[in-house]
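One letter stands for each residue in the lines below.
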Amino acid sequence: MKHLGIHSQSYYDILEVSPQAPLQEIHRAYQRARVAYSPDSPALYTMFTPEEAKELLRLVEEAFTVLGHEERRRAYDEQLLREKAMRELPDFPDPQQDEELSSERPLQGQPETHREAPQTAPAFVFAREPQLPQGHARTRLSTYPLNSEMEEEIKQTREFNGPTLQKIRSYKRISVDQICDETRIGKSYLVALEKDDFESLPAAVFVRGFVVQVARLLGLDEKLVADSYMKNFKKYKN
Amino acid sequence: MWIENTQYDFSYLRGYKQPASVLIAVGGGKGGVGKSFFSSSLALLLAHRGFDTILADLDLGAANLHTYLGEKIEGKGINEYLLNPGLRFEEVIRPTPYANLRFVSGASEGHNISGLTQPQRSRLMSALFNTPADFVVMDLSAGAHDTTLDFFLMANRKVLVMTPEPSSMENAYSFMKAVFYRKLKRHEAQLGLTDQLAQLMAQRQELGIRTPADLLQWVALKEPRGGAQLKHFMQALKFEIVLNQTRSMHDNELGPSVKAVCKKYFGTPCELLGHLDYDNAVWQALRKRRPLLIDYPQSRLYSQLFAISKEFANVPFKRAVV
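Procedures and definitions
- Residues numbered from 1 in each chain as written.
- Chains lettered and ligands numbered in written order.
- Predicted model: local features only at pLDDT ≥ 70, side-chain atom pairs only at ≥ 80, totals over all residues.
- Helix = DSSP H or I, 4+ residues; strand = E, 2+ residues; numbered from the N terminus.
- Contact = placed C-beta atoms within 7 Å.
- Pairing = 2+ DSSP bridges.
- Buried ≥ 20, exposed ≤ 12 C-beta atoms within 10 Å, placed from the backbone.
- Expected span 1.5 Å × (residues − 1).
- Arc of directions from axis to C-beta.
- Core = buried A, V, L, I, M, F, W, Y, C linked by C-beta atoms within 7 Å.
- pLDDT = per-residue confidence, 0-100.

## Quick look at the overall build of chain B
A tally of helices and strands in chain B yields 14 helices and eight strands. Nonlocal contacts in chain B, meaning residues at least 24 apart in sequence, comprise 77% of its contacts between residues at least 6 apart.

This is the structure we're talking about:
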């Protein structure tokens, strides 16, 4: 069953870019969409409920995760082309099903759309309702087995420094390269960040931005992490 | 989709004929957001560019467009046109001190936008539709009365003026919804989709139809041919948004957001024409009863309006996207 409404739109439609758009344009469209559907956006007033806006925002994030990455985007384009080719096949009724077709279809319930897409969707395209193996959790970049001790420890932590972040990162099975790809922060900075090597890091404003982005990818409270990390950083600089 | 590569003849449907000019409607729900200011400035700028422009005040009952132009209420206006069936529309179009700009006054004590009878409305609409000119700019009234919606839908270019305040956005959105459903209502009868749409609306909770875009998609599924045709018609409904009285960078970012939200909600095209900064010069000019563009040609507002007027002036002539 295919979803209708917003879920039937392609990632390009969601971000409102053309399929030929270069990467910078997709970046810009992503930033625009994040502003437009953010929970406190005045533009949403009386048009979409907060829940709908949240769903839209999730789709925007999902679209950017695919389109903002060269490899994934190429595979996604191929999938779109395949689906398009399937849709444009001439629609000859199967003689055996003729009888079934001529009988009237009930109007209630979900109607069928065009033919189903081939069931060979590449693994990275997110399922609409994610199915996780038992005892696993998901971040935007990875799936990892849950460890209740570790989860508890993360919840209790109030002071975050480089090694803590590194520990959480390896627990969540995210590599430095993945963060690097996703955030476009230089790898050397990420390494320095995790080693608390404040000497190699740039000015405080930039570091704060890095920490916020890393925290977001790790699924941590951005403000808490950034505040505690920056406290250490400023102590060192003074 | 069948409609993409086949040229179908829709001439049997109402609203197919092209007007004798490029009709620009300026609406926007709430009062005081700058509809009259924008339409008078736009008409003046188009006239400056050398286009034969007519500015029509359709805010019947609360007409004040002449004040923006520094004109006096005298001579015949729409009021007289509606009262005398023998009067031709050309006789109520009067010249202004500005080159290429003509003006139709709406000032009256007798008529109210909601008090127009059906024949009066049709006669006025045909007159506006058939008046030869390069541009006819229609300043509409606040609110979403049927007559206002019809004038708005008649135009080739449908401009919405809104300000960044939530109350103005709310009214603009409800105006857009009213326009959308009025157009839908007209076409559903033409295409014989009335029953289908009523059925869908009755089950919209179960089917999860939350926005007009969803509704169009469902119609296309249930009635492929009529649905595609309906979608084709609704695609012609293109809102063009002007964000007025912006005061900060933050307000300017609102424009693209509004555009994105409208596109997602209605599933029809939507353009952002630009934003106009808040400027005290507007009311200073109004106090002096002189058009802002004449008195303050160096203002930032002038350049913003100028850029917007270019959007209109550059359309392939008399073949504007409807």
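Read on for the rest.
## Describing the sheet that holds strand S3 (residues 94-95) of chain B
All names here are of chain B. If you walk across this open sheet you meet the eight strands as S3-S4-S2-S5-S1-S6-S7-S8, and the pairing is mixed. Whereas interior strands pair on both sides, the edge strands pair on one side only; in this sheet they are S3 and strand S8 (270-277). Looking at chain direction, strand S2 (residues 53-57) and strand S4 (residues 101-104) are connected through four bridges and run parallel. Bridge pairing in S4 places Thr-53 opposite Leu-101.

## Section: the environment of Leu-80 of chain A
Residues and elements named next belong to chain A. Mapped onto the fold, Leu-80 is located in helix H4 (residues 70-87). Residue Leu-80 is classed as partly exposed on the basis of its 15 C-beta neighbours within 10 Å. Each C-alpha atom, one on Leu-80 and one on Ser-10, is 8.3 Å from the other, the two residues being 70 residues apart in sequence.

## Details of helix H9 (residues 212-222) of chain B
The complete set of buried residues in H9 of chain B reads Ala-213, Asp-214, Leu-215, Leu-216, Trp-218 and Val-219 of chain B. Those residues of H9 of chain B hidden inside the fold are in contact with helix H7 (194-202), helix H8 (204-207), helix H10 (224-235) and helix H11 (249-266) of chain B.

## Some words on the interface of chain B and chain A
Tallying the contact residues gives 23 residues for chain B and 20 residues for chain A. Among the elements of the structure, helix H6 (166-190), H9 and H11 of chain B are those that each provide at least two residues to the side of chain B that touches chain A.

## A short note on helix H3 (residues 50-67) of chain A
Residues and elements named next belong to chain A. Between its terminal C-alpha atoms H3 stretches 25 Å, which fits the 26 Å expected from 18 residues at 1.5 Å a residue. Ala-53, Leu-56, Val-60, Ala-63, Phe-64 and Leu-67 are the residues of H3 that are buried. Down the axis of H3, the buried side of the element spans an arc of 95 degrees, and every buried residue falls inside it. When the buried face of H3 is taken as reference, the exposed residues oriented beyond 90 degrees from it are Glu-51 and Arg-58.

## Some remarks on the nonpolar core
Leu-15 of chain A together with Ile-24, Ala-25, Val-137, Met-138, Val-242 and Val-261 of chain B are the most contacted members of the largest nonpolar core, which has 109 residues in total. Here this core takes eight residues from helix H1 (residues 35-48) of chain B, the largest share from any one element. Among the nonpolar cores identified, the runner-up in size contains 19 residues, and Ile-168, Ala-215, Leu-218 and Ala-226 of chain A belong to it.

## Overview of unusual backbone geometry
Residue and element names in this part refer to chain A. With a phi angle near 65 degrees, Thr-46 is a residue other than glycine that sits in the positive phi range. As for its position among the elements, Thr-46 is in the loop between helix H2 (23-36) and H3. By the C-beta count within 10 Å, which is 13 here, Thr-46 ends up partly exposed. The backbone of Arg-184 shows a phi angle near 60 degrees, a positive value even though the residue is not glycine. Positionally, Arg-184 belongs in the loop between helix H8 (176-183) and helix H9 (187-194).

## So, the pairing of strand S6 (residues 157-162) of chain B
Successive side chains on a regular strand alternate, one facing one side of the sheet and the next facing the other. Residues and elements named next belong to chain B. In terms of burial, S6 is largely enclosed, as six of its six residues are buried. The alternating pattern of S6 places Arg-157, Val-159 and Val-161 and Lys-158, Leu-160 and Met-162 on opposite faces, both of which are buried. Here strand S1 (residues 22-27) runs beside S6; their pairing, made up of four bridges, is parallel. Paired with Ala-25 across the two strands is Lys-158, which belongs to S6. Note that S6 and strand S7 (residues 239-246) share five bridges and pair parallel. Paired with Met-162 across the strands is Leu-243, a residue of S7.

## Examining the confidence of the model for chain A
Low-confidence regions, as indicated by low pLDDT, have predicted coordinates that should not be scrutinised in detail. With 79% of its residues at a pLDDT of 70 or more, chain A has an overall mean of 79. Under a pLDDT of 50 for its full length, residues 93-123 of chain A has, in the predicted model, 17 contacts with residues more than four places off or in other chains.

## A word on the pairing of S2 of chain B
Residues and elements named next belong to chain B. Along S2, five of the five residues are buried, which leaves the element largely enclosed by surrounding structure. Side chains Thr-53, Leu-55 and Asp-57 project from S2 onto one buried face, and the interleaved Ile-54 and Ala-56 project onto a second face that is buried too. In the sheet, S2 pairs with strand S5 (residues 135-139) via five bridges, with the strands oriented parallel. Counted as the bridge partner of Thr-53 is Phe-135 from S5.

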